[in-house]
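Read off the chains here:
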Amino acid sequence: MTRPLPAPGLPGILNGTIPPGIYHLPPTEAPTDVMARSAEADWRGARLQLSGVHDKAAFLDRCATDLEFPDYFGRNWDALADCLTDLSWWGSGKFRGYLLLAEDWETFRKAAPGDARTAETVLDDAVGHWAGTDSPLVVLLG
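Residues numbered from 1 in each chain as written. Predicted model: local features only at pLDDT ≥ 70, side-chain atom pairs only at ≥ 80, totals over all residues. Heavy atoms only, no water.

An unreviewed UniProt entry lists the chain under the name Barstar family protein, from Streptomyces abikoensis. The annotation that UniProt attaches to the chain under Sequence similarities (unreviewed entry) is "Belongs to the barstar family." (UniProt positions renumbered as here; feature names shortened; annotations may be inferred.)

What follows is the structure, given as structure tokens:
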């Protein structure tokens, strides 16, 4: 599922030479730079900050807040999948792609390994849903 980000890194994601997927963000990449570069490339980006998140409930709450999910988000895995496969809530306009940067992923994974595996499966399914479309979804785990 998750793999290292191959060369040429973020530029390859943004220009489409690296296929959509879930990748580990290299520690040399600053989250603010990733967001700025994705915006410059006409990608819609969002930061999911997982510091202090130690279980499923906190993860889903943080998704709702940081990703600005709609009010109807049900705070369960199925609702997460629904929101990630219908990105109409994520702003209007046509984007070349969607980039989700999940910061402090390792902290969450170590605190709640089972929940992190489930979350990664949901994220991977969403990436697969958008693969091959004009606006793919890429997830970076930082």
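After that view, the rundown keeps rolling.
Quick look at the overall build of the chain
Within the chain, the secondary structure is distributed over six helices and five strands. The order of helices and strands in the chain, counted from the N terminus, is β-α-β-α-β-α-α-β-α-α-β. Computed over the C-alpha atoms, the radius of gyration of the chain is 14 Å, within 12% of the 14 Å expected from 2.2 N^0.38 for a compact globule of 142 residues. The buried share of the chain, taken over its 142 residues, is 44%. Roughly 6,800 Å² of accessible area belongs to the chain as shown, and the carbon and sulfur atoms make up 51% of that amount. Counting 12 positive and 20 negative side-chain charges, the chain places the averaged centre of each group 4 Å from the other. (Helix = DSSP H or I, 4+ residues; strand = E, 2+ residues; numbered from the N terminus. Rg over C-alpha atoms; globule rule 2.2 N^0.38 Å. Buried < 20%, exposed > 50% of the residue type's maximum accessible area, 1.4 Å probe, protein only. Areas by Shrake-Rupley, 256 points an atom, 1.4 Å probe, with all protein chains shown as cover. Lys, Arg positive; Asp, Glu negative; His and termini not counted. Charge placed at Lys NZ, Arg CZ, Asp CG, Glu CD.)

Let's talk about the UniProt feature "domain: Barstar (barnase inhibitor)" (unreviewed entry) in the chain
Here the UniProt-annotated "domain: Barstar (barnase inhibitor)" (unreviewed entry) positions come out as residues 46-141. Within the segment residues 46-141, helix and strand shares are 47% and 17% respectively, and the terminal C-alpha atoms sit 12 Å apart.

As for helix α2 (residues 31-40)
Taken together, the buried positions of α2 are Val 34, Met 35 and Ser 38. Projected down its long axis, α2 carries its buried residues within an arc of 95°, all on one side. Away from its buried face by more than 90 degrees, α2 exposes Thr 32 and Glu 40. Considering only its buried residues, α2 is in contact with α1 (10-15), β3 (43-49), β4 (97-103) and β5 (137-141). Just past α2, the residue Asp 42 takes up positive phi, approximately 70°. (Arc of directions from axis to C-beta. Contact = heavy atoms within 4.5 Å.)

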